[in-house]
Amino acid sequence: MKKKIGKIVFRYGYTATNSDVLPGLNGIALEQGYFKEELSKENAEFKAIPFVKAGPAINSALASGGLEAAGLGDVPAIVAKSQGSDTMAIDIQPSDYSTHLIISKKSGLKKVEDLKGKKVAVQSGSYMQRILYQILEKHGLSAEDVKLVNMSEVDAANAVEAGSVDATAVTEMKGIKLEQGKNVELLYDTEGVTELERTSVTLVRSKFAKEHPKVVVAYLRALIRAQEYAKKHPEDLRKLYIKSGIEEKIVDLTYPKLTDYNSIVGTTGETKKVFEGVITFLKENGLIKKDVDLNQWYDGNFYEKAKKELK
């Protein structure tokens, strides 16, 4: 008698801040049943696993085999790869919102150059650290010119609000929310500055990708379908943000037009270039010791096959 093979569980890790709701195209694919439809064709099922302490915890779960795939910010993904993580990058995406460098109103700062000698909080190894360093560099400063304090994004934002640190870098959504209050104001917005764009990457454990390539392709088929759905129904992306715990007012201030959402799947030449720039920046600033070869790490064949199969 032939032994029945159990379903393959495709565990996907993601950052959860205000709730466990899966946002973006992954959330659309889950809600619309695309994951169920596509992965079931390969005897697999999708399982979303939230992580509050994002980067390090997700990287540890990938390394230990607790996850098959994950969505990560550029810096934690690159740092882990430089340290030898056995992952494959199957997609690189641009963020659809900017980064805000916020300051305590008590600080009296007027421009980025005024940060010299001031206390600036940022989480070590986060993509915010990279963007903060690049903002400083763009304005003639370096990390050595400020007093860096290692804090999570949440703790750093709270510290700025309380006035115990002078500045920090946060997502546009968090920045807009804090800027509505009495204690925080915007010092610098990265909107429109290409080299300061935030990118994220979808990683799959190399062993899993080699053993179950059809499951990886099925996952991407579901995301491509979700992208097509989101183009026609951008209001559903808005609902997901709100369901994830972000205030409706803040969502609408971040995205004044529904067409501002640019949730996409499929690496573009421009996004790849920005990601390569991040690798170079981390290497030049000693934030990674071992270089990362993106051409060896990134494999776009899974996406191309998914696209072809859907056609």
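Cut-offs and rules
- Residues numbered from 1 in each chain as written.
- Predicted model: local features only at pLDDT ≥ 70, side-chain atom pairs only at ≥ 80, totals over all residues.
- Heavy atoms only, no water.
- Helix = DSSP H or I, 4+ residues; strand = E, 2+ residues; numbered from the N terminus.
- Buried < 20%, exposed > 50% of the residue type's maximum accessible area, 1.4 Å probe, protein only.
- Contact = heavy atoms within 4.5 Å.
- Areas by Shrake-Rupley, 256 points an atom, 1.4 Å probe, with all protein chains shown as cover.
- Lys, Arg positive; Asp, Glu negative; His and termini not counted.
- Charge placed at Lys NZ, Arg CZ, Asp CG, Glu CD.
- Salt bridge = Lys/Arg side-chain N within 4 Å of Asp/Glu carboxyl O.
- Core = buried A, V, L, I, M, F, W, Y, C linked by side-chain atoms within 4.5 Å.
- Axes fitted to C-alpha atoms, helices over the stretch in contact; angles between N-to-C directions.
- Parallel < 35°, antiparallel > 145°, perpendicular 65-115°, else oblique.
- Nonpolar A, V, L, I, M, F, W, Y, C, P; charged D, E, K, R; others polar.
- Pairing = 2+ DSSP bridges.
- Arc of directions from axis to C-beta.

(A) Structural view of the overall build of the protein chain. Each helix and strand in the protein chain was counted, giving 14 helices and 10 strands. Here the C-alpha coordinates of the protein chain stretch approximately 75 × 45 × 30 Å along the principal axes. Relative to its full complement of 311 residues, the protein chain shows a buried share of 51%. By sequence separation, contacts in the protein chain at least 24 residues apart represent 80% of the contacts at least 6 residues apart. For the protein chain, the accessible area works out to roughly 15100 Å², and carbon and sulfur atoms hold 49% of it. Mean positive and mean negative side-chain charge positions of the protein chain (46 and 43 charges, respectively) differ by 5 Å.

(B) How the structure looks around the environment of Val193. Residue position: Val193 is located in the loop between strand 9 (184–189) and strand 10 (199–205). Residue classification places Val193 among the buried positions, given a relative accessible area of 15%. Sequence-wise, Val193 and Gly33 are 160 residues apart; in three dimensions their C-alpha atoms are separated by 36 Å. If sequence neighbours within four positions are ignored, Val193 has contacts with Lys138 and Tyr188.

(C) Region of the structure containing the pattern of salt bridges. Enumeration over the complete set of coordinates arrives at 18 salt bridges. A salt bridge links Lys41 to Glu38; the nearest nitrogen and oxygen atoms lie 3.2 Å apart. Take Lys41: its relative accessible area is 56%, and that puts it in the exposed class. Glu38 gets classed as buried once you look at its relative accessible area, which sits at 2%. Between Lys111 and Asp114 there is a salt bridge; the shortest N-O distance is 3.2 Å. Among the residues examined, Lys111 registers a relative accessible area of 45% and is labelled partly exposed. Here Asp114 falls in the partly exposed class, since its relative accessible area comes to 24%. The structure contains a network of salt bridges with shared partners spanning Glu37, Glu38, Lys41, Glu42, Arg221, Arg225 and Glu309.

(D) Here's a closer look at the nonpolar core. Ile78, Leu101, Leu115, Val201, Leu203, Phe275 and Trp297 are the most contacted members of the largest nonpolar core, which has 48 residues in total. Of all the elements, helix 5 (residues 127–138) adds the most residues to this core, at 7 residues. Discounting chain neighbours no more than four positions away, the residues touching Val201 are Ala70, Gly71, Leu72, Ala77, Ala89, Asp91, Ile92, Gln93 and Phe275. Ranked by size, the runner-up nonpolar core spans 47 residues in total, among them Ala29, Tyr34, Ala44 and Ala69.

(E) Seen up close, the packing of helix 1 (residues 24–31) against helix 9 (residues 213–232). Close contact between helix 1 and helix 9 brings their axes to 8 Å; oriented N to C, the two are set at 95°. Taken together, the axis directions place helix 1 and helix 9 in an arrangement best described as roughly perpendicular. Together, Leu25, Asn26, Ile28 and Ala29 of helix 1 and Tyr219, Ala222, Leu223, Ala226, Gln227, Tyr229 and Ala230 of helix 9 make up the contact between the two elements. Here the residues of the contact of helix 1 with helix 9 are counted per class, giving 9 nonpolar, 2 polar and no charged.

(F) Fine view of the sheet that holds strand 5 (residues 99–104). Overall, mixed pairing links the 5 strands, which are arranged 7-6-8-5-9 in an open sheet. With one partner strand each, in any of the chains shown, strand 7 (147–150) and strand 9 form the two edges of the open sheet. Within the sheet, the average angular offset between the axes of one strand and its neighbour, ignoring direction, is 35°. Taken together, the 2 bridges between strand 6 (residues 119–122) and strand 8 (residues 167–171) define a ladder with parallel strand orientation.

(G) Representation of the environment of Glu31 within the structure. Inspection of the secondary structure puts Glu31 in helix 1. Take Glu31: its relative accessible area is 42%, and that puts it in the partly exposed class. In this structure, the C-alpha to C-alpha distance between Glu31 and Thr190, residues 159 residues apart in sequence, is 32 Å. In contact with Glu31, other than residues within four places in its own chain, are Leu240 and Lys243.

(H) Highlighting helix 3 (residues 54–64). Those residues of helix 3 that sit buried are Ala54, Gly55, Ile58, Asn59, Ala61 and Leu62. When helix 3 is viewed along its axis, its buried side chains cluster within an angular range of 160° and face the same direction. Opposite the packed face of helix 3, turned more than 90 degrees from it, sit the exposed residues Pro56, Ala63 and Ser64. Residues of helix 3 that are buried in the fold lie against strand 1 (8–15), strand 2 (44–51), strand 3 (69–73), helix 4 (74–82), strand 4 (87–94) and strand 10. One or two residues past the end of helix 3 sits Gly65, with phi positive at roughly 85°.

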